[in-house]
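Summary of the model geometry
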Amino acid sequence: MNEHRAAYYELIARRQMAPLWESLHNLVPPQPKPQAKAAIWQYAQIRDLVMQAGAVISAEEAVRRVLVLENPGLPGKSSITPSLYAGLQLILPGEIAPSHRHTQSALRFIIEGRGAWTAVNGERTTMRPGDFIITPSWTWHDHGNPSAEDGGEPVVWLDGLDIPLVASLDAGFAESFPEATQPVTRPEGYSFARFGHNMAPVRERVSDPTSPIFSYPYERSREALDKLYRHGDLDAWDGVKLRYVNPMTGGWPMPTMATFMQYLPAGFQGRTSRSTDATVYCVVEGHGTAHIGDAEFSFSKHDVFVAPSWQPVRLSALAESVLFSYSDRPVLAALNLLREERI
Ligand code: GTQ
């Protein structure tokens, strides 16, 4: 850079100004250039470490005993994509993760163990592997696990939150509930009875953008995928893929996060696609290979992997496989920034 320019840049920097022409191509790139990298967390390699967290700190002291899955391209950001967070939460028999609420929306995808519960709006939902559970923005929520005598076992789930998105908007609020757990005022299954059977209370108004169903049981999603596959509904890119819906709107279950479940038959070799919604996958069943950009990952049951925005993704299955996934698709769609390409 010539001296005249360098001196000028120093002068304007003192007035909190900078020359756009030095950064225009970075600020307005011809296509997305994600800092986030394709990455995988293989459960076989991290499970012991997740369980060891149980001896390091109690759920009560930790408030949330979670190992954050941090994208290697976003160091120090506690983010798996620029807008989304992922973590593995452990709750041991007899423990409680105390009640709080925050403006960030959360999803729980149960990985292993059963019998723990999460409470939202006075209703507890029992967790089972493969269940997709929602904690809507600004609702009190606590998690708990029955004692070992009552059949409690260590339960691990994937937390998906819009923490980085909310942080980028400076819109985070949080508070603690005065008690460890919120009062239980409704029987388990109450919300599902009201909204989970393709029916809804007659006089219910739609005012909330978040689905009134807290728990989408795996059994039902799995059965739907199975039936569609048997009928021959196999997409060359996606296998059999369904999105979860808010039954009151037909839209996404949460305002900021979309969730999906897909089935890939044994031997499936998917074609390549890409999209601007960076996506986090969790393997529910099976094993196979994910090609994401230049990366190639072998995935197995319970692994978590992430595909950054606009990176070509190609999935193949060695055994019949089921993948859960979530992304910020509702945000991109609402802002007219969703682009997809099937290659
Ligand atoms: O369970 O409320 O992984 O507030 C991060 C923040 C879980 C939760 C996380 C949270 C929670």
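A few points on the structure. (Residues numbered from 1 in each chain as written. Predicted model: local features only at pLDDT ≥ 70, side-chain atom pairs only at ≥ 80, totals over all residues. Heavy atoms only, no water.)

Structural notes on a nonpolar patch on the surface
This is how the line gets drawn: Exposure above 30% relative accessible area and the absence of a salt bridge qualify a residue for a patch, where like charges join within 9 Å and nonpolar side chains (Val, Leu, Ile, Met, Phe, Trp, Tyr) within 5 Å. Note on areas: these come from Shrake-Rupley sampling with a 1.4 Å probe, and a residue is covered only by the protein chains present in the view. A carboxyl oxygen of Asp or Glu within 4 Å of a side-chain nitrogen of Lys or Arg is what we treat as a salt bridge. Only DSSP runs of H or I covering at least 4 residues are called helices, and only runs of E covering at least 2 are called strands; the numbering of each starts at the N terminus. Burial classes follow relative accessibility: with a 1.4 Å probe on protein chains only, a residue under 20% of its type's maximum area counts as buried, one over 50% as exposed, and anything between as partly exposed.
Among the surface-exposed residues, Y8, L20, W21, L24, L27 and V28 lie close enough to one another that they form a single nonpolar patch of about 640 Å² accessible area. Relative to the assigned elements, L24 resides in helix α2 (residues 24-27). Its relative accessible area of 38% is what places L24 among the partly exposed residues.

A few points about the sheet that holds strand β4 (residues 96-102)
Heads up, the rule is: Strand pairing is defined by DSSP finding a minimum of two bridges between the two strands. Axis lines are fitted to C-alpha atoms, over the contacting stretch for helices. Their N-to-C directions set the angle, which ranges from 0 to 180 degrees.
Read from one edge of the open sheet, five strands run β7-β6-β9-β4-β11, paired in antiparallel fashion. The open sheet is flanked by β7 (123-126) and β11 (174-176), the only strands paired with a single partner. Put simply, the sheet's adjacent strands are angled 25° from each other on average, direction ignored. As defined by bridge partners, β4 adjoins strand β9 (residues 141-144) across three bridges and the pair is classed as antiparallel. The residue bridging A97 from the neighbouring strand is H143, located in β9.

What about the sheet that holds strand β14 (residues 258-264)?
In plain terms, the rule: Residue contacts follow a heavy-atom distance rule, with two residues in contact if any of their heavy atoms lie within 4.5 Å.
The strand order across the open sheet formed by six strands is β1-β19-β16-β21-β14-β13, and the pairing between neighbours is antiparallel. Only two strands of the sheet have a single partner each, and these edge strands are β1 (39-41) and β13 (240-243). Averaged over neighbouring strand pairs, the angle between their axes works out to 20° when direction is ignored. Docked against the sheet, helix α7 (residues 218-231) engages β13, β14, β16 (279-285) and β21 (321-327), running at close to 50° with respect to β14.

Observations concerning the packing of aromatic side chains
The condition that has to hold: Between 30 and 60 degrees the pair is tilted, below 30 it is stacked and above 60 it is edge-to-face, where a pair is any two Phe, Tyr or Trp rings, Trp via its six-membered ring, whose centres lie within 6.5 Å. Whether a charge lies above a ring is judged from NZ of Lys or CZ of Arg, which has to be within 6 Å of the ring centre and within 35 degrees of the ring normal.
This model, assessed by the stated rule, comprises 13 aromatic pairs. Seen from their ring centres, F132 and Y216 are 5.1 Å apart, and the 25° between their planes marks the pair as stacked. Of this pair, F132 sits in strand β8 (residues 132-135) while Y216 sits in strand β12 (residues 215-216), and the two are 84 residues apart along the sequence. Of the residues examined, F132 reaches a relative accessible area of 0% and is grouped as buried. Through a chain of ring-to-ring contacts, three or more aromatic side chains come together here, namely F109, F132, Y216, Y244 and F324. The cationic tip of R124 hangs over the ring face of W117; the distance from NZ or CZ to the ring centre is 3.6 Å. Over the ring of W252 we find R243, and its NZ or CZ is 5.2 Å from the ring centre.

A closer look at the site of the ligand
Note the cut-off: Residues are classed as near a molecule or strand on a simple rule: at least one heavy atom within 4 Å of it. Polar contacts, as used here, are pairs of N or O atoms within 3.5 Å; protein pairs need one atom able to donate a hydrogen and one able to accept it. Residues neighboring in sequence count only if both atoms are side-chain atoms. Residue classes follow a fixed rule: Ala, Val, Leu, Ile, Met, Phe, Trp, Tyr, Cys and Pro count as nonpolar, while Asp, Glu, Lys and Arg count as charged, and any other residue, Gly among them, counts as polar.
Taken together, R64, V66, Y85, Q89, H100, H102, R108, H141, H143, D159 and L161 make up the full set of residues adjacent to the ligand. At 2.8 Å from an oxygen atom of the ligand is found a side-chain nitrogen or oxygen belonging to H100. Taking H143, its side chain carries an N or O atom lying 2.9 Å from an oxygen atom of the ligand. Here the ligand, which alone exposes 290 Å², has 90% of that area covered by the protein. Secondary structure elements with two or more residues in the shell around the ligand: β3 (85-91), β4, β9 and β10 (155-161). Grouping the constituent residues of the shell around the ligand by class yields three nonpolar, five polar and three charged.

Some points on the nonpolar core
The nonpolar side chains of soluble globular proteins are, as a tendency, buried together. How we decide: Here, nonpolar core refers to any group of buried Ala, Val, Leu, Ile, Met, Phe, Trp, Tyr and Cys residues whose side-chain atoms link them within 4.5 Å.
With 39 residues, the main nonpolar core has I80, L158, F324 and Y326 as its most contacted residues. In this structure, L264, A290, I292 and A307 belong to the second largest nonpolar core, which totals 15 residues.

With respect to the pairing of strand β17 (residues 288-292)
In terms of burial, β17 is a largely internal element, five of the five residues being buried. Here β17 runs beside strand β18 (residues 295-299); their pairing, made up of five bridges, is antiparallel. Note on β18: the bridge partner recorded for T289 is S298. The hairpin formed by β17 and β18 contains two residues between the paired strands, and G293 there has a positive phi angle of roughly 55°. Here five bridges tie β17 to strand β20 (residues 313-317), and the two strands are oriented antiparallel to one another. Looking at β20, one finds that T289 is bridged to S316.

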